[in-house]
Amino acid sequence: MKSESGPRALRSIAIIMDGNGRWARGRGLRRVEGHRAAETSIRESVKWCGEKGVEWLTLFAFSTENWSRPRSEVSFIMRLLSGFIQRNIDELDEERVKLLAMGRLAALPEGPGDDLRRAIGRTAGNDGLRLVLALNYGGRAEIADAAGKLASEAAQGRLDPAAIDEEAVSAALYLPGMPDPDLVIRTSGEQRFSNFMLWQAAYSELYFPEVLWPDFRREHLDQALEVYRSRQRRFGGLAPAGTR
Ligand code: FPP
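Presented here is an overview of the structure given in this document. (Residues numbered from 1 in each chain as written. Predicted model: local features only at pLDDT ≥ 70, side-chain atom pairs only at ≥ 80, totals over all residues. Heavy atoms only, no water.)

**Considerations on the site of the ligand**
Condition: Here, proximity means that at least one heavy atom of the residue falls within 4 Å of the molecule or strand. Definition of a polar contact: a pair of N or O atoms within 3.5 Å, with one able to donate and the other able to accept a hydrogen when the atoms are protein atoms, and with sequence-neighbouring residues admitted only if both atoms are side-chain atoms. The Shrake-Rupley method, run with a 1.4 Å probe sphere, supplies the accessible areas, and residue values consider only the shown protein chains as cover. Secondary structure is summarised from DSSP: a helix means a run of H or I of at least four residues, a strand means a run of E of at least two, and numbering begins at the N terminus for each.
Close to the ligand lie 16 residues; Asp18, Gly21, Arg22, Arg31 and Arg69 are nearest. A distance of 3.1 Å separates an oxygen atom of the ligand from a polar side-chain atom of aspartate 18. One of the backbone nitrogen or oxygen atoms of glycine 19 is found 3.5 Å away from an oxygen atom of the ligand. In the complex, 91% of the free accessible area of the ligand, which totals 620 Å², lies under the protein chains. Among the elements of the structure, helix 1 (20-25), helix 2 (31-52) and helix 3 (71-94) are those that each provide at least two residues to the shell around the ligand.

The following block contains the structure:
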């Protein structure tokens, strides 16, 4: 489907996939089974975005703080990353999905890191949905890394410090050129950013459905779209006369 344009267009969605552990515990299962079950929700979200002409879907898969979880859970998620790529890469490629990642990727374990780099390379020429996996990602880390990059360019005389404006900072983030998310969804009823896209979400609409991530399906995205369409985005300005 063709992408939308105009102020109500939903070009970019970012999702904090929360509630996997609670979903599993609620079924008497180990927490990691919730992470395993997350794949269906991811696949369904990718399909829905493709159908609706959403251009960017960003998924918070592993944060810079998630290393503090038990080692067994961390390695399970890393194995899941490899498995997810292996199980889905052919279909994603066929659907013209371009896979991207953001975060401190060099610190990912070698196996999943290699699988990720190969998948990114394989889909680099695709022109469909940009699917971004946020991995070893933290919003503060991203801003700190951008500041470091800009400072080093300035120290080398390649950048005038006086020219560092918001655009320059945006361009120094992990994925320059990525549009800010129009809508940030966090499942499971929690209402926090948890260090996700702190710079980019400055004017994002926020939506917090109660559903746990492994139960998240296209009807929840339909609801999210409806809520998004009912919002009036003002970006710090005023509502157009007669609308409010
Ligand atoms: C939040 O649920 C989920 C995470 C911290 C990990 C997200 C990981 C996945 C969705 C699976 C990995 C997918 C890929 C593509 C690598 P939680 O564990 O914090 O749940 P809880 O709040 O109920 O405990």
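**A few points about the sheet that holds strand 6 (residues 205-207)**
The following threshold applies: Two strands pair if DSSP finds at least two bridges between them. Between the N-to-C directions of two axes lies an angle of 0 to 180 degrees, each axis being a line fitted to C-alpha atoms and, for a helix, fitted only over the stretch in contact. For this analysis, residues touch if any pair of their heavy atoms sits within 4.5 Å.
The six strands lie next to each other as 3-4-2-1-5-6, forming an open sheet whose pairing is parallel. Both edges of this open sheet fall to strand 3 (98-102) and strand 6, since each of them pairs with a single strand only. Across the sheet, the mean angle separating the axes of adjacent strands is 20 degrees when strand polarity is ignored. Here four bridges tie strand 1 (residues 12-16) to strand 5 (residues 183-186), and the two strands are oriented parallel to one another. Looking at strand 5, one finds that isoleucine 16 is bridged to arginine 186. In this fold helix 2 packs onto strand 1, strand 2 (56-63) and strand 4 (130-137), with an angle of close to 160 degrees to the strand it touches most, strand 2. Along the sheet face, helix 7 (residues 218-230) touches strand 5 and strand 6 and points at about 140 degrees away from the line of strand 6.

**A few points about the environment of tryptophan 199**
Stated precisely, the cut-off is as follows: Relative accessibility decides the category of a residue: with a 1.4 Å probe and only protein chains considered, values under 20% of the type maximum give buried, values over 50% give exposed, and everything between is partly exposed.
Along the chain, tryptophan 199 turns up in the loop between strand 5 and strand 6. Judged by relative accessible area, which is 27%, tryptophan 199 ranks as partly exposed. Spatially, the C-alpha atoms of tryptophan 199 and leucine 173 are 9.1 Å apart, while their sequence positions differ by 26 residues. Contacts of tryptophan 199, omitting those with residues within four sequence positions, involve Ile143, Glu166, Val169, Ser170 and Leu173.

**Things to note about helix 5 (residues 139-155)**
Inclusion rule: Given a helix with a known number of residues, its expected span is that number minus one, times 1.5 Å.
Between the first and last C-alpha of helix 5 there are 24 Å, a value that for 17 residues agrees with the 24 Å anticipated at 1.5 Å per step. Considered for burial, the residues of helix 5 that qualify are Gly139, Ala141, Glu142, Ala146 and Leu150. Here the buried face of helix 5 lies against strand 3, strand 4 and helix 6 (166-171). Phi turns positive one or two residues past the end of helix 5, at glycine 157, with a value near 80 degrees.

**With respect to the nonpolar core**
Applicable threshold: Among buried residues, the Ala, Val, Leu, Ile, Met, Phe, Trp, Tyr and Cys ones that are joined through side-chain atoms within 4.5 Å form a nonpolar core.
Ranked by size, the top nonpolar core spans 41 residues in total, and within it Ile13, Ile15, Leu57 and Ile185 carry the most contacts. When residues no more than four places from it in sequence are discounted, the contact partners of isoleucine 185 are Ile13, Ala14, Ile15, Ile16, Tyr207, Pro209, Phe216, Leu221 and Ala224. Phe60, Leu100, Ala134 and Met197 belong to the second largest nonpolar core, which has 15 residues in total.

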